[in-house]
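Summary of the model geometry
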Amino acid sequence: MIDAPLLSINDLSVSYAIGNERARAVDGLSLTLGAGQRLGIVGESGSGKSTLALALMRLHKPPAMIDSGQILLGGTDILRLDQGALRKFRWSEVALIPQGAMNALNPVIKVREQMADTIRAHRRDMSARDINKRIDELLVRVGLSTSVAGLYPHELSGGMKQRVCIALAIVLEPKLIIADEPTSALDVVVQRVVIETLKDVQAQIGAAMIMIGHDMGLMAQSVDHLAVMYAGRLVDQAPIREFFRRPLHPYSQLLISSLPSPDETRPLAGIPGMQPSLLDLPAGCAFHPRCPLVQPICREVMPPLETVEPHRRVACHVVAEAYNVRA
Amino acid sequence: MSWSYVLRRIAMFFAVVLCAVTVNFIVPRLAPGDPTAAVLEQLLSRGQQVEGAADIVAAYRARFGLDDPMIVQYLRYVGNTLTLDLGTSISYFPQSVTSQILTALPWTIGLLAISTVIAFGLGSVVGALLAWPGSPHFVRSFAPFLMVLSAIPYYLLALIVLYVLAIWPGWFPLGGAYSGSAPSFSLNGLLDLLYHGFLPGLSIVLAGVGFWALGMRGAMIGVLGEDYLTLAEGKGLSPRRIFFGYAMRNALLPQVTSLAIALGTAASGSVLVEVAFNYPGIGYLLFNALKSSDYFLIQGVAFFLVLTVALSVLVLDLIYPLLDPRIRRQ
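Residues numbered from 1 in each chain as written. Chains lettered and ligands numbered in written order. Predicted model: local features only at pLDDT ≥ 70, side-chain atom pairs only at ≥ 80, totals over all residues. Heavy atoms only, no water.

Observations regarding the sheet that holds strand β3 (residues 38-42) of chain A
Across a sheet, paired strands are connected by hydrogen bonds in the backbone, their directions being either parallel or antiparallel. Residue and element names in this part refer to chain A. Read across the open sheet, the 8 strands follow the order β6-β7-β8-β3-β9-β10-β12-β11; overall the sheet is mixed. Across the chains shown, the open sheet's two edge strands, defined by having one partner strand only, are β6 (94-97) and β11 (306-309). When strand polarity is set aside, the average angle formed by the axes of neighbouring strands in this sheet is 25°. As paired elements, β3 and strand β8 (residues 208-213) share 5 bridges and run parallel to each other. Bridge pairing in β8 places valine 42 opposite glycine 213. (Pairing = 2+ DSSP bridges. Helix = DSSP H or I, 4+ residues; strand = E, 2+ residues; numbered from the N terminus. Axes fitted to C-alpha atoms, helices over the stretch in contact; angles between N-to-C directions.)

Given below as structure tokens:
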């Protein structure tokens with residue numbers, strides 16, 4: 001996207017061992033992200049987006065396993081770090097706002113201590129007074145009162161917990177924040193406010209952000225670029241305005257036409273069919289059984305992800321032909 | 001923690017005790033046999049001449065109030081129990097049941113409380129390590145061994161321990177709690193107590209450690225799947241901090257509940273350990289009381305056992321909110 005990307009993921013594959021088979025949850029995924037940029041990743045449940053989020057911090061647990069690829073963040077190859085270096089890297093370089101922030105906080109430890117232990121783990125020389133000052137400042141920055149520090153997680157509302165998680169994410173001013181469905185457990189009003197807070201603090205510290213979710217409306221307000229995952233593969237990537245104005249991949253087109261619109265009255269349209277099982281992917285393009293534009297070649301050859309316009313990449317035979325990018 | 005919470009817990013404690021007293025009163029009276037007749041039979045069987053046996057039975061029944069209507073016996077029993085007057089032991093006549101129990105109680109508390117707490121601590125740490133992905137491989141091999149241990153009853157373990165460490169090599173005494181006729185309160189006396197208490201303690205620890213380890217392992221596996229553990233790892237905390245502050249701290253909560261109940265029931269649960277080692281505790285006392293149909297002593301011991309369970313649950317209710325902040329606001 002820009003000259004020296006902050007993050008570049010090259011041909012990353014992550015799979016889950018199921019019996020003797022391996023389900024590729026992330027399959028040969030490559031993307032780059034510039035400093036301060038916001039990238040949204042959308043996809044159906046099981047499309048591999050959360051697996052990708054965890055793999056970026058190497059937080060995936062067996063049976064998940066990174067098969068191949070490279071993750072470079074600011075020049076550091078994350079997959080080659082040893083345990084000690086990995087521990088230092090986590091949170092100081094990449095922070096996570098986990099899916100279901102409801103259970104993301106330790107129920108028996110006060111908020112202050114859960115933030116303080118993170119600082120202490122990375123900044124050995126910081127005094128207790130400075131740590132407390134920093135925590136108070138962060139809580140205020142995400143719109144909470146400093147008294148929240150003295151509370152236990154169960155004493156907070158869902159929105160407050162999510163704000164604590166945001167404050168926690170920026171405690172070490174990381175270069176990248178990964179937000180895995182940061183608002184999925186919140187009601188619509190609180191969602192908006194929390195997303196605004198998240199965008200504000202992200203912009204203040206100048207971190208890049210990867211936001212994972214399936215709420216297209218939320219994405220439209222929150223990110224600069226959008227990437228679509230289907231059955232473990234990146235199938236479409238575009239600047240957010242372009243994506244909504246003129247979606248290219250048939251799956252993206254269907255996603256957008258399935259959004260309810262306040263202007264026109266029409267029955268809600270879904271996408272017929274189901275996402276295929278990762279253990280039993282159809283030959284060729286994984287989307288072809290559901291695709292309205294399906295061609296014979298789609299049933300046989302997997303379409304590669306190709307740059308069709310500046311900043312736009314699509315994995316689709318039909319689109320590639322229309323743009324005539326293929327010989 | 002509010003005062004009403006504390007008061008409610010204490011009221012619950014007394015309700016449980018009253019129920020126990022009632023059951024305690026009824027159950028022995030449903031059993032066949034007559035306590036005075038039982039004592040007489042004992043005397044007769046030893047070849048002693050007892051003249052006017054019927055008169056003696058009648059006199060004793062009158063003395064212990066066994067001829068009064070049930071309701072009078074019951075009310076008297078409740079009143080006496082609540083003032084800790086548990087009557088007079090029949091087999092150790094004229095000693096009071098309370099004095100018998102108070103003599104035996106320190107032994108049982110010393111032996112069982114300490115062994116149970118050791119088993120709890122050891123088992124919880126081992127169980128946590130069994131589930132912890134970062135623990136060395138040989139720890140995993142403990143699991144089947146612990147399952148076997150938890151399946152063997154206390155008394156069988158006691159007999160095995162007794163044979164392997166006392167009878168065969170003669171390293172430890174065969175039974176009793178101290179050498180000589182009374183325990184002495186010197187350093188040597190203390191070492192002597194430890195020397196005698198080691199084997200019974202060991203069998204209780206061995207029998208308990210498997211239970212605690214398996215319980216902890218289960219709780220730990222549950223906690224390891226929680227989001228806050230993923231986040232703790234993501235935060236770059238040291239494995240030690242994650243293990244103790246995040247994983248074990250949370251997995252211990254259900255264990256502590258079991259501990260209170262285990263401490264209460266340990267006394268009754270290890271009657272046979274005390275019997276196997278001739279250890280002069282509550283279990284041994286109960287065993288002898290059962291043998292001689294000593295109503296009052298049986299009731300007294302049973303009452304004390306219920307009291308210990310109710311007391312430990314009360315103590316748990318009062319300290320649990322300190323361990324789990326979620327309980328505090330109710």
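Let's talk about helix α6 (residues 188-205) of chain A
Residues and elements named next belong to chain A. Compared with an ideal rise of 1.5 Å per residue, which puts 18 residues at 26 Å, α6 spans 26 Å between its outermost C-alpha atoms and is within 8% of the ideal. Where α6 is concerned, the buried positions are Gln191, Val194, Ile195, Thr197, Leu198, Lys199, Val201, Gln202 and Ile205. The backbone nitrogen of valine 189 has a side-chain oxygen 3.1 Å away, supplied by the residue at the start of α6, namely aspartate 187. Immediately downstream of α6, the backbone of glycine 206 shows phi near 70°, a positive value. (Expected span 1.5 Å × (residues − 1). Buried < 20%, exposed > 50% of the residue type's maximum accessible area, 1.4 Å probe, protein only. Polar contact = N/O pair within 3.5 Å; in protein donor to acceptor, adjacent residues only side chain to side chain.)

Overview of a nonpolar patch on the surface
Taken together, Ile160, Tyr163, Val164, Ile167, Trp168 and Leu174 of chain B make up a surface patch of nonpolar side chains, about 660 Å² in accessible area. For valine 164 of chain B, a relative accessible area of 38% translates into the label partly exposed. (Patch = residues over 30% accessible without salt bridge, like charges linked within 9 Å, V, L, I, M, F, W, Y side chains within 5 Å. Areas by Shrake-Rupley, 256 points an atom, 1.4 Å probe, with all protein chains shown as cover. Salt bridge = Lys/Arg side-chain N within 4 Å of Asp/Glu carboxyl O.)

Side note on the side chain of arginine 163 of chain A
Note on placement: arginine 163 of chain A falls in helix α5 (residues 158-169). Setting aside residues no more than four positions away along its own chain, arginine 163 of chain A makes contact with Val142, Gly143, Leu144, Val193 and Thr197 of chain A. (Contact = heavy atoms within 4.5 Å.)

A look at the confidence of the model for chain B
Residues and elements named next belong to chain B. Considering every residue of chain B, the mean pLDDT works out to 83; 94% of them sit at 70 or more. Model confidence for chain B, summarised as mean pLDDT per element, is weakest for helix α2 (residues 35-45) at 70 and strongest for helix α10 (residues 227-234) at 93. The complex model carries a pTM of 0.82, and its ipTM stands at 0.89. (pLDDT = per-residue confidence, 0-100.)

Here's the deal with the packing of aromatic side chains
The geometry of an aromatic ring pair is captured by the separation of the ring centres together with the interplanar angle, meaning the angle of the planes. Following the criterion strictly, the structure yields 16 aromatic pairs over all chains and no others. For the ring pair tyrosine 230 of chain A and tyrosine 251 of chain A, a centre distance of 4.8 Å and an interplane angle of 65° mean the geometry is edge-to-face. Residue tyrosine 230 of chain A is located in strand β9 (residues 225-230), and its partner tyrosine 251 of chain A is located in helix α9 (residues 250-257); the two are separated by 21 residues in the primary sequence. Exposure class is identical for tyrosine 230 of chain A and tyrosine 251 of chain A. Each is buried. Relative to tyrosine 195 of chain B, the ring of phenylalanine 172 of chain B has its centre 5.7 Å away and its plane inclined at 35°; by these criteria the two rings are tilted. Taken together, the positions of phenylalanine 172 of chain B in the loop between α8 (154-167) and α9 (187-224) and tyrosine 195 of chain B in helix α9 put the pair 23 residues apart, joining distant regions of the chain. Judged by its relative accessible area of 37%, tyrosine 195 of chain B is partly exposed. What links up through ring pairs into an aromatic cluster is the set Tyr230, Tyr251 and Phe287 of chain A. (Phe/Tyr/Trp six-rings, centres within 6.5 Å; stacked < 30°, edge-to-face > 60°.)

Regarding the pairing of β9 of chain A
All names here are of chain A. Across the 6 residues that make up β9, a large majority, 6, are buried. With burial as the criterion, each face of β9 is covered, one bearing His225, Ala227 and Met229 and the other bearing Leu226, Val228 and Tyr230. Bridge count between β3 and β9: 4 bridges; the pairing is parallel. Paired with leucine 39 across the two strands is histidine 225, which belongs to β9. Sheet analysis places β9 next to strand β10 (residues 233-239), joined by 6 bridges and oriented antiparallel. The residue bridging valine 228 from the neighbouring strand is aspartate 236, located in β10. Counted along the chain from β9 to the antiparallel partner β10, the turn is 2 residues long, and its residue alanine 231 has a positive phi close to 50°.

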